[in-house]
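Structural characterization, general
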Amino acid sequence: MASSLAPLSAQTSLKRTRLLFDTNNTNNDTTSSTQIIPPLYDRNSTIHKQIIKRRINLHYPSSLTNLAYQGEEDEANDGSKSSSKDSANVRAIRDIRRDALDRLRSGEDNNNTTTGSYGGNEEGRLVLHREQDLTGSSGNAAAANNSGGDGTMILAGQSTTSATTTKQKGQKIRPGGILTVKEDGSSSSNTNIPTPKWHAPWKLSTVISSHLGWVRSIAFDPTNTLFATGGGDRVIKIFDLAKSCVAAPDALKITLTGHISPVRGLAFSDRHPYLFSAGEDKMIKCWDLETNQVIRHYHGHLSGIFALKLHPTLDLLVTGGRDAVARVWDMRTKHQIHCLGGHDNTVGAILTKGTDPQIITGSYDSTIKLWDLAAGKCMTTLTHHKKSVRALAQPEFENSFISGAADNVKKWVGSDGRFIKNFSGHKGVINALAVNDDGVVLSAADDGTMNFWDYSSGHCFQQTTTVAQPGSLDAENGIFACEFDLTGTRLITCEADKSIKIWKEDEKASEMSHPIDMAKWRKKCIAEAKRRY
């Protein structure tokens, strides 16, 4: 019985579907006596129009002004004329737009624009601005300037000096568009604008040409009398800091050879007369500075090593490289304590601290990880950066740190990795970061640009570009490493033109000769307050 009723039921459903949705009524077999159900859409029936309007109210609340704006566009494009080729939905929506525009022009729905039949109770204020009078006559222009109880205002005519427009000084209103005005404190009066600390600008003092390749790493000894550099020429050079600042010919103390690839990491020990070096040859060497010989090797990395740091309080050595792991070594026994894996790409920057998290790593996979040294596990992963993290730096006067990538310089809380602020404005791939005790931050990029920032406020007080030494290509002005000395009065940069440059503060500068541009700084703070990351 069910099998015999199935074809009949299918035919009945098909016939009913044709009766419901045959809007053009082109079937010659259908007579007036058989068409009991009225057509789905016609100019005099509102059945289909009510269905479409209910669907719009459900999915798009507060859409009266949007519909009116679209209806005005239909009139401008002569799109209000119906066509036999248009579907029933298109014609119904066009009529709904026309009705919404007529209701706004007549002023009957000014008080229900956001809470009326078109639904919704949204925060903010909708302002509708027109270049020509919505009513079509100057006599009704005043009637069109109506204000709803919830803050909705319809602006008609050429005037743009209403109360709502006055509240948004300096903000352009798109002709014929709809502007949403936030009420949650996006104005400059509610934005916290920190006062930046004044810093003297920095200038170039000395240029040292000693390496035969790119200079890739630098480190200062604990007494602040020596500094070491490593480069693409596979050698480590140790200089006297005082003599280098005055360009003395005997500034170079000794040259250490032993690596067979570029030297990418250097670190002096605070408790032992040791210098540690790491290179792209997968080797980590411990140099005894009393005999100038290698006394230990640390084996374990599977590829080139890009970063090296010593723990400030423990005899531990942390290295990271192209094998996407950070390895923790016992400095004396040469044993590997932890292999901190979790990154998907090269570990290019490392920080070590005396408090948890004691190890922070930055990777080319654009993530930063905070590690629990005792457990050897990751505590937090920061994914705010969108580009490779190539540099990390931390000050000694507070528990925070900064990270540098091609998208931004970001400041974080050192204990849990909470985001603090962006140091935005440096356009380039940032290879190096450095901070001194005075709160001066340097970000150096591979295009030779150098930005000097105030650490507490994030204000960029100086932008400069290094110049390649004579005989080098213009593209060889990139900066690979930088470091402040222990006093914070000298800055050394390692560059792609095979030179080492020493920078110092301008002694003649003052707050009168180099004032802070507060107007520019205030404008930048207001713009950044609208962005979270």
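See the structure printed just above.
About the thresholds
Residues numbered from 1 in each chain as written. Predicted model: local features only at pLDDT ≥ 70, side-chain atom pairs only at ≥ 80, totals over all residues. Heavy atoms only, no water. Pairing = 2+ DSSP bridges. Helix = DSSP H or I, 4+ residues; strand = E, 2+ residues; numbered from the N terminus. Axes fitted to C-alpha atoms, helices over the stretch in contact; angles between N-to-C directions. Expected span 1.5 Å × (residues − 1). Buried < 20%, exposed > 50% of the residue type's maximum accessible area, 1.4 Å probe, protein only. Arc of directions from axis to C-beta. Contact = heavy atoms within 4.5 Å. Polar contact = N/O pair within 3.5 Å; in protein donor to acceptor, adjacent residues only side chain to side chain. Salt bridge = Lys/Arg side-chain N within 4 Å of Asp/Glu carboxyl O. Core = buried A, V, L, I, M, F, W, Y, C linked by side-chain atoms within 4.5 Å.

1. Side note on the sheet that holds strand S28 (residues 460-465)
Strands sit in the order S25-S26-S27-S28 across an open sheet of 4 strands; the sheet is antiparallel. The open sheet has two free edges, formed respectively by strand S25 (430-435) and S28, since each of these has just one partner strand. Averaged over neighbouring strand pairs, the angle between their axes works out to 15° when direction is ignored.

2. Describing helix H8 (residues 518-529)
Since the α-helix turns once every 3.6 residues, residues separated by three or four places project in the same direction. Across its 12 residues, H8 extends 16 Å between first and last C-alpha, which sits within 8% of the 16 Å expected from 1.5 Å per residue. Buried within H8 we find Trp-521, Cys-525, Ile-526 and Glu-528. For H8, the angular spread of the buried residues around the axis is 165°, confining them to a single face. More than 90 degrees from the buried face of H8, the exposed residues found are Ala-519, Lys-520 and Lys-523. Buried residues along H8 sit in contact with strand S24 (419-423).

3. As for the side chain of Asn-436
Structurally, Asn-436 is set in the loop between S25 and strand S26 (440-445). According to the relative accessible area criterion, Asn-436 is buried, its value standing at 5%. For Asn-436, the side chain forms a polar contact with the main-chain nitrogen of Val-440, separated by 2.8 Å. Filtering out sequence-adjacent residues up to four positions away, Asn-436 remains in contact with Trp-202, Phe-397, Phe-484 and Gly-488.

4. Some details on the pattern of salt bridges
A side chain with one charge may pair with a side chain of the opposite charge, provided their charged atoms come close. For the structure shown, the criterion picks out 13 salt bridges. Among the salt bridges present, the one from Lys-203 reaches Glu-507, with a minimum N-O distance of 3.8 Å. Taken together, the positions of Lys-203 in strand S4 (residues 202-209) and Glu-507 in the loop between strand S31 (499-505) and H8 put the pair 304 residues apart, joining distant regions of the chain. The partly exposed category is assigned to Lys-203, whose relative accessible area is 33%. With a relative accessible area of 58%, Glu-507 lands in the exposed category. Close ionic contact of Lys-501 with Glu-495 constitutes a salt bridge, the shortest N to O distance being 2.8 Å. Sharing partners across several salt bridges, the network here consists of Lys-203, Lys-504, Asp-506 and Glu-507.

5. Examining the nonpolar core
Counting 14 residues, the largest nonpolar core has Trp-202, Leu-442, Met-450, Phe-452, Phe-484 and Leu-491 as the members making the most contacts within it. When residues of this core are traced back to their parent elements, those giving at least two are S25, S26, strand S27 (449-454) and strand S29 (479-484). Not counting chain neighbours up to four residues away, the residues in contact with Phe-484 comprise Trp-202, Phe-220, Ala-434, Val-435, Asn-436, Val-440, Leu-442, Arg-490 and Leu-491.

6. A look at the environment of Ile-305
Along the polypeptide, Ile-305 turns up in strand S13 (residues 305-310). Remark: the alpha-carbon pair of Ile-305 and Ile-284, spanning 21 residues in sequence, is separated by 8.3 Å. What Ile-305 contacts, discounting residues up to four positions off in sequence, is Arg-264, Ala-278, Gly-279, Glu-280, Lys-282, Met-283, Ile-284, Thr-319, Gly-320 and Gly-321.

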